[in-house]
Amino acid sequence: MKKPVIGLTPSHNTDNDDISLRPTYIRAIEAAGGVPFVLPLEIAKEDLHQLADLCQGFLFTGGPDPHPFLWGEEIHRNCGSISVKRDRLELDLLSIAMEQKKPILGICRGAQLINVGLGGDIYQDIKSQYESVFPIAHSQPLYYTSPSHHVDIMENSLLAELAGTAARIPVNSSHHQAVRKLGKGLIAGGIAPDGLTEEIEMPGYPFLVGVQWHPEYLWETDETAKNLFLKFIEACRSVQNASF
């Protein structure tokens, strides 16, 4: 049986205009049973549509900050580097993927971009825009293979299914922005102890999940991270089988 092809969005270095992708994403997709395919950064929407036809699912990866103009804000002084090219690619891809009802997984920036693309918004800078009694290290001081805080799981969510009997899970963290207002059709399936949204999902859609943490560094030792990729690929395989 052929494996499902997963289109991955590339990272964009705005300093030198290079594109790249951390191998951790590719390894996680391969281990779960998918064939990773890295998409180009600059491509006409009609050509992107043709490439999307070849894929059974899409992974929106981490990277630069989305442009605040997308949700009607000025650029905050603590906003990071912005890739307009990547914003354009991923918003086009999100539209195409949802039109085709194909599974979508967003990680870090990917989750934020999906939320913005569906009409939500994000905090441009957690430290200066969000107050907490106990400020969690959302940009952790240790390597990503180790968790730095927990996520409380909402009942009856897909995340609850992935986590089994656990009411909360340990996650790693490397972000200075976060989901604020949820996009249309999305719910929060996981919340950090400080109240920030850590996981978004869309009930009724074949598979649409965005996580703020980086499961591509955890899947070898963490069951929930492993299950996330397996469930994603399972949904992609269903799309593949339906096309035969």
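Reading the values: the criteria
- Residues numbered from 1 in each chain as written.
- Predicted model: local features only at pLDDT ≥ 70, side-chain atom pairs only at ≥ 80, totals over all residues.
- Heavy atoms only, no water.
- Phe/Tyr/Trp six-rings, centres within 6.5 Å; stacked < 30°, edge-to-face > 60°.
- Helix = DSSP H or I, 4+ residues; strand = E, 2+ residues; numbered from the N terminus.
- Buried < 20%, exposed > 50% of the residue type's maximum accessible area, 1.4 Å probe, protein only.
- Lys NZ or Arg CZ within 6 Å of the ring centre and 35° of its normal.
- Salt bridge = Lys/Arg side-chain N within 4 Å of Asp/Glu carboxyl O.
- Pairing = 2+ DSSP bridges.
- Axes fitted to C-alpha atoms, helices over the stretch in contact; angles between N-to-C directions.
- Contact = heavy atoms within 4.5 Å.
- Left-handed = near helix turned anticlockwise from the far one by under 90°.
- Nonpolar A, V, L, I, M, F, W, Y, C, P; charged D, E, K, R; others polar.

Caption draft 1: The packing of aromatic side chains, seen in detail. Enumeration according to the criterion identifies five aromatic pairs in this entry. Arranged with centres 5.6 Å apart and planes meeting at 45 degrees, the rings of F207 and F232 form a pair that is tilted. Remark: F232 occurs in helix α7 (residues 223-242) and F207 occurs in the loop between β12 (197-201) and β13 (208-211); sequence separation between them is 25 residues. Looking at F207, the relative accessible area reads 3%, which means it is buried. When the ring centre of Y123 is taken as reference, the NZ or CZ atom of R180 above it lies at 5.2 Å.

Caption draft 2: Quick look at the pattern of salt bridges. Using the criterion set out here, one finds nine salt bridges in the structure. K85 is paired through a salt bridge with E42; the nearest N and O atoms lie 3.5 Å apart. Taken as a pair, K85 in helix α3 (residues 84-99) and E42 in the loop between β4 (35-38) and α2 (45-53) lie far apart in primary sequence, 43 residues in all. In this structure, D87 engages R109 in a salt bridge whose closest nitrogen and oxygen atoms are separated by 2.9 Å.

Caption draft 3: Inspection of the sheet that holds strand β5 (residues 57-60) at higher detail. In spatial order, the strands read β4-β1-β5-β6-β13-β12-β11-β8-β9; together these nine strands make up an open sheet with mixed pairing. The open sheet has two free edges, formed respectively by β4 and β9 (168-171), since each of these has just one partner strand. The sheet shows a mean angle of 25 degrees between the axes of neighbouring strands, direction not considered. Relative to strand β11 (residues 187-191), strand β8 (residues 149-153) runs antiparallel, the two sharing two bridges. When the sheet's bridge partners are listed, I153 is paired in β11 with G190. Contacting β5, β6 (104-107) and β13, α3 crosses the sheet at an angle of about 150 degrees to β5.

Caption draft 4: Molecular detail of the packing of helix α1 (residues 23-32) against α7. Running from N to C, α1 and α7 cross one another at 65 degrees; their axes reach a closest spacing of 9 Å. Regarding α1 and α7, the two cross each other, and that crossing is right-handed. On α7, the residues that touch A28, I29 and A32 of α1 are F229, L230, F232, I233 and R237. Taken together, the residues that form the contact of α1 with α7 break down as seven nonpolar, no polar and one charged.

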